[in-house]
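Descriptive analysis of the structure
The lines below spell out each chain.
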Amino acid sequence: MSAPGAAGAAWAARWRRSAGTVPGSVLRVALRASLVAGAAAAVAVAHDAHDPGVLCPLRLLTGVPCPLCGSTTVFVEAGHGRWGAALLANPVTALTAVALVCGPFGPGRRWRSLSYAGRNVLVGAALVVAWVWELARLGLLRS
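Residues numbered from 1 in each chain as written. Predicted model: local features only at pLDDT ≥ 70, side-chain atom pairs only at ≥ 80, totals over all residues. Heavy atoms only, no water.

The complete set of buried residues in helix α6 (residues 91-101) reads Pro91, Val92, Thr93, Ala94, Ala97 and Val101. Looking at the buried residues of α6, the elements they touch are α2 (22-49), α4 (71-79), α5 (83-89) and α8 (116-137). (Buried < 20%, exposed > 50% of the residue type's maximum accessible area, 1.4 Å probe, protein only. Helix = DSSP H or I, 4+ residues; strand = E, 2+ residues; numbered from the N terminus. Contact = heavy atoms within 4.5 Å.)

Our next topic: the packing of α4 against α6. Axis separation between α4 and α6 bottoms out at 8 Å; the angle between their running directions is 65°. In terms of crossing hand, the pair formed by α4 and α6 is right-handed. Residue-level inspection shows Ser71, Val74 and Phe75 of α4 in contact with α6, the latter providing Thr93, Ala94 and Ala97. (Axes fitted to C-alpha atoms, helices over the stretch in contact; angles between N-to-C directions. Left-handed = near helix turned anticlockwise from the far one by under 90°.)

Glancing now at the pattern of salt bridges. Using the criterion set out here, one finds 2 salt bridges in the structure. In this structure, Arg82 and Glu77 form a salt bridge, with 2.5 Å as the shortest nitrogen-oxygen distance. Residue Glu77 is classed as buried on the basis of its relative accessible area of 16%. Where Arg137 meets Glu134, a salt bridge forms, and the shortest distance between an N and an O atom there is 2.8 Å. Taken together, the positions of Arg137 and Glu134, both in helix α8 and 3 residues apart, correspond to about one turn of that helix. On the accessibility criterion, Arg137 (35% relative accessible area) is partly exposed. Its relative accessible area of 0% is what places Glu134 among the buried residues. (Salt bridge = Lys/Arg side-chain N within 4 Å of Asp/Glu carboxyl O.)

Quick look at the structure:
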């Protein structure tokens, strides 16, 4: 009879070997998507039970949204199956979640191949786009 840890070690080794393969990527994406869907559903249920209102400290204190405003709403709307509303709440957050879920199919490799400066530029640009989106969405860019 094998030791209890041997089965776990065998599964871990098999998991690592499958990393660069299509079936391994499909499995990883399915697992990630399941986790994100479960988290979104849990956030939606919690939000339905108790709506905490605005969570962003910057928006609470100044009325000006931060680039990440709307991110909780993305998951609440996705948890309810309202994909369009989730995308409109903060497209950068929604697209980042999709990229993280689909990472094994290529976005993860491309991200790791970028230099630190390239990553910083990409993150900075995403934050600027998200912030402009939130300012427009909440009506603060109107003159």
